[in-house]
Amino acid sequence: MTDKRFVVTPWEVAGAVDYDRLIREFGTQPISPELATRLEVLLGPASYLVRRKIFFSHRDLNLVLKDYDKGRGFFLYTGRGPSGPMHIGHIGQFYFTKLLQDEFKTNVYIQITDDEKFLEVKRNLAYMDTQHWADENILDIIATGFDPDRTFILQDTEFVGHAYPLILKIAKRINYNLTKAVFGFTGETNVGMIFYPSIQILPSLLEKRRCLIPSAIDQDPYWRIQRDIAEGLGYFKAAAVHSKFLPPLTGTQDKMSSSKPETAIYLNDDDKTVRTKINKHAFSGGQATVEEHRRLGGNPDLDVPFQWLYMFFEPDDSKLEKTREDYRSGRLLTGELKQILAEKVIGFLHEHRHRREAARAKVRQFKYDGILAQKMWKTDFEKL
Ligand code: TRP
């Protein structure tokens, strides 16, 4: 029944993801019980991310914590390819990063890869589309609550010109065979895409401290290259912490897809759309009839509404466990569980959109467009 074939690359996620196998294939580390205990203490209210194994894999996270303990500090880097409207599956990464910023009081660099999305041929986006989605996505990102004094949004087409000398140093050390092996580039790939990895590596070198990158594991191939070249350039190897994918509404396989709107809930879906999508399309681990459900109970592991509560919408462990038990025992019906999720999602989206409106006035404050380079004295940005 379980599909053993799955694909995870920076451009594609398909099938039922086997996370243990990804750790082996990508050569990352599982989060050890010792590291988890340490992190849980440090993370306070955000510790559920570790306890529930939403962060399941890492590179050098132990060294990041050591730097933190020693007072050397570290910085965070994450990003978004502005290819369309953002949905619930995209925003988790930013909330997680914001929680890390709250706890560790670090600088955060957020790369908006409008260049990458323009270059990706299969997306067929006009340049102006990428600019439009960059503007829209930036509002959603600011709305997650980043600290304006420590957060820098780097939109590639505005920013990389000022960093070109450093990009050249990166590019010179990456050979074609390596990118071909890592990303599967072929003779058909445009040369913009072949150059692009230098640009996604750049923000990891913006400070002479260790960089921790929270991202889904599909971005890890970039960090593998970064780790080959960073020390040679006088910087730290990037550290990473990988999160799982929020499953699509329609089942525990594949990824939410913009071409199938029923698989995802968009940040601007109205209340009625949210209820309809959850009621009609959310994959249920419940039984076919109420009688059977009462007798046999539901399966929370397969139930997408439960999984969404687990991964994002119910940080309170005791409430979550009660819901799990009620569902497993059949006390809680599928329709009732869906109702719980729908109310949580609707409440979250109302608050998100409220903060999103407020974000409109703050964009300039967050954007690092290179012209403001002089103001970067507040960080350790290396003078190029
Ligand atoms: N390539 C990513 C995307 O398509 C965007 C991105 C750039 C990113 N830098 C990152 C994501 C760092 C995570 C961490 O969405």
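These figures come from a predicted structure and were not determined experimentally.

Engineer: Would you explain the environment of L341 in this entry?
Structural biologist: Inspection of the secondary structure assignment puts L341 in helix α17 (residues 334-359). Spatially, the C-alpha atom of L341 lies 7.6 Å from that of F313, the residues being 28 residues apart in sequence. Contact partners of L341, with chain neighbours within four places excluded, come to I278, P305, W308, L309 and F313.

Engineer: Can you help me understand the site of the ligand in this one?
Structural biologist: Close to the ligand lie 15 residues, the nearest being Y77, E116, K117, Q200 and Q219. In the model, an oxygen atom of the ligand is placed 3.0 Å from a nitrogen or oxygen of the G81 main chain. Within the side chain of Q111, one N or O atom sits 3.2 Å away from a nitrogen atom of the ligand. Computed on the free molecule, the ligand has an accessible area of 370 Å², of which 92% lies beneath the protein chains in the complex. Those elements that provide at least two residues to the shell around the ligand are β5 (74-80), α6 (114-119) and β8 (210-216). When residues in the shell around the ligand are grouped by element, the largest group, four residues, is from β5. Classifying every residue of the shell around the ligand by side-chain character gives three nonpolar, nine polar and three charged.

Engineer: Would you explain helix α9 (residues 164-172) in this entry?
Structural biologist: Residues that lie three or four places apart on an α-helix share one face, since the helix turns once every 3.6 residues. For α9, every residue scored as buried is listed here: L166, I167, I170 and A171. Along the axis of α9, the buried positions cluster into a sector of 140°, meaning they face one direction only.

Engineer: Can you help me understand the environment of R210 in this one?
Structural biologist: Relative to the helices and strands, R210 is located in strand β8. Given the relative accessible area of 11%, R210 is considered buried. Expressed as a C-alpha distance, the spacing of R210 and G73, which sit 137 residues apart in the sequence, is 7.7 Å. There is a polar contact of 2.9 Å between the side chain of R210 and the side chain of D67.

Engineer: How should the confidence of the model for the protein chain be read in this particular structure?
Structural biologist: Keep in mind that low pLDDT regions are not for reading the predicted coordinates in detail. On average, the protein chain scores 91 in pLDDT, and the residues at 70 or more come to 92%. Note on residues 372-384: pLDDT under 50 across the span, and 23 contacts to partners over four residues away in sequence or across chains.

Engineer: I tried to follow the nonpolar core on my own but got confused; where do I start?
Structural biologist: Here is a general trend for soluble globular proteins: nonpolar side chains tend to be buried in one another's company. Counting 67 residues, the largest nonpolar core has I88, I265, W308, F313, V345 and F348 as the members making the most contacts within it. Inspection of this core shows a minimum of three residues originating in each of domain 1 (6-246) and domain 2 (261-359). Discounting chain neighbours no more than four positions away, the residues touching W308 are I88, L246, P247, L249, M256, I265, F313 and L341. In terms of nonpolar packing, the next biggest core, distinct from the first, is built from 33 residues, L154, F183, F185 and I201 among them.

Engineer: What should I look at first to understand the pattern of salt bridges in this one?
Structural biologist: Following the criterion strictly, the structure yields 29 salt bridges and no others. A salt bridge links R51 to E40, with the nearest nitrogen and oxygen atoms 3.1 Å apart. A residue pair is termed long-range when its members are at least 10 positions apart, and R51 in helix α3 (residues 48-51) and E40 in helix α2 (residues 33-43) qualify at eleven residues. Close ionic contact of R328 with E325 constitutes a salt bridge, the shortest N to O distance being 3.0 Å. Of this pair, R328 and E325 both sit in helix α16 (residues 317-329), three residues apart, roughly one helical turn.

Engineer: What exactly am I supposed to notice about the pairing of strand β7 (residues 151-155) here?
Structural biologist: Within a regular strand, side chains alternate between the sheet's two faces. Within β7, five of the five residues are buried, leaving the element largely enclosed by the surrounding structure. Residue alternation in β7 divides its side chains into two sets, T151, I153 and Q155 and F152 and L154, and both sets are buried.

Engineer: How should I be thinking about the side chain of T179 in this particular structure?
Structural biologist: Structurally, T179 is set in helix α10 (residues 176-183). Within the structure, the side chain of T179 is placed 2.9 Å from the backbone oxygen of Y176, a separation counted as a polar contact. Among all residues touching T179, those that are not within four sequence positions of it are I174, G184, F185, I194, P197 and I225.

Engineer: How should the side chain of D67 be read in this particular structure?
Structural biologist: Its place among the elements puts D67 in helix α4 (residues 61-69). For D67, the residues in contact, after removing those within four places along its chain, are R72, G73 and R210.

Engineer: I tried to follow the sheet that holds β5 on my own but got confused; where do I start?
Structural biologist: Strand pairing in a sheet takes place through backbone hydrogen bonds and is either antiparallel or parallel in direction. As summarised here, the arrangement of the seven strands in space is β3-β4-β9-β8-β5-β6-β7, forming an open sheet in which the pairing is mixed. If you trace the sheet from one side to the other, it starts and ends with β3 (29-30) and β7, each paired once. For strand β4 (residues 55-59) and strand β9 (residues 239-243), the ladder comprises four bridges, and the chain directions are antiparallel. Looking across to β9, one finds that H58 is bridged to V241.

Engineer: Where do I start with helix α5 (residues 88-104) in this structure?
Structural biologist: With 17 residues, α5 should cover 24 Å at 1.5 Å per step; its first-to-last C-alpha distance of 25 Å lies within 8% of that length. In terms of burial, α5 is largely enclosed, as twelve of its 17 residues are buried. If you check which residues of α5 are buried, you get I88, I91, G92, Q93, F94, Y95, F96, T97, K98, L100, Q101 and F104. Positive phi shows up at K105, right after α5, with a value of about 55°.

Definitions and cut-offs
- Residues numbered from 1 in each chain as written.
- Predicted model: local features only at pLDDT ≥ 70, side-chain atom pairs only at ≥ 80, totals over all residues.
- Heavy atoms only, no water.
- Helix = DSSP H or I, 4+ residues; strand = E, 2+ residues; numbered from the N terminus.
- Contact = heavy atoms within 4.5 Å.
- Near = heavy atom within 4 Å.
- Polar contact = N/O pair within 3.5 Å; in protein donor to acceptor, adjacent residues only side chain to side chain.
- Areas by Shrake-Rupley, 256 points an atom, 1.4 Å probe, with all protein chains shown as cover.
- Nonpolar A, V, L, I, M, F, W, Y, C, P; charged D, E, K, R; others polar.
- Buried < 20%, exposed > 50% of the residue type's maximum accessible area, 1.4 Å probe, protein only.
- Arc of directions from axis to C-beta.
- pLDDT = per-residue confidence, 0-100.
- Core = buried A, V, L, I, M, F, W, Y, C linked by side-chain atoms within 4.5 Å.
- Domains from an automatic or database assignment.
- Salt bridge = Lys/Arg side-chain N within 4 Å of Asp/Glu carboxyl O.
- Pairing = 2+ DSSP bridges.
- Expected span 1.5 Å × (residues − 1).

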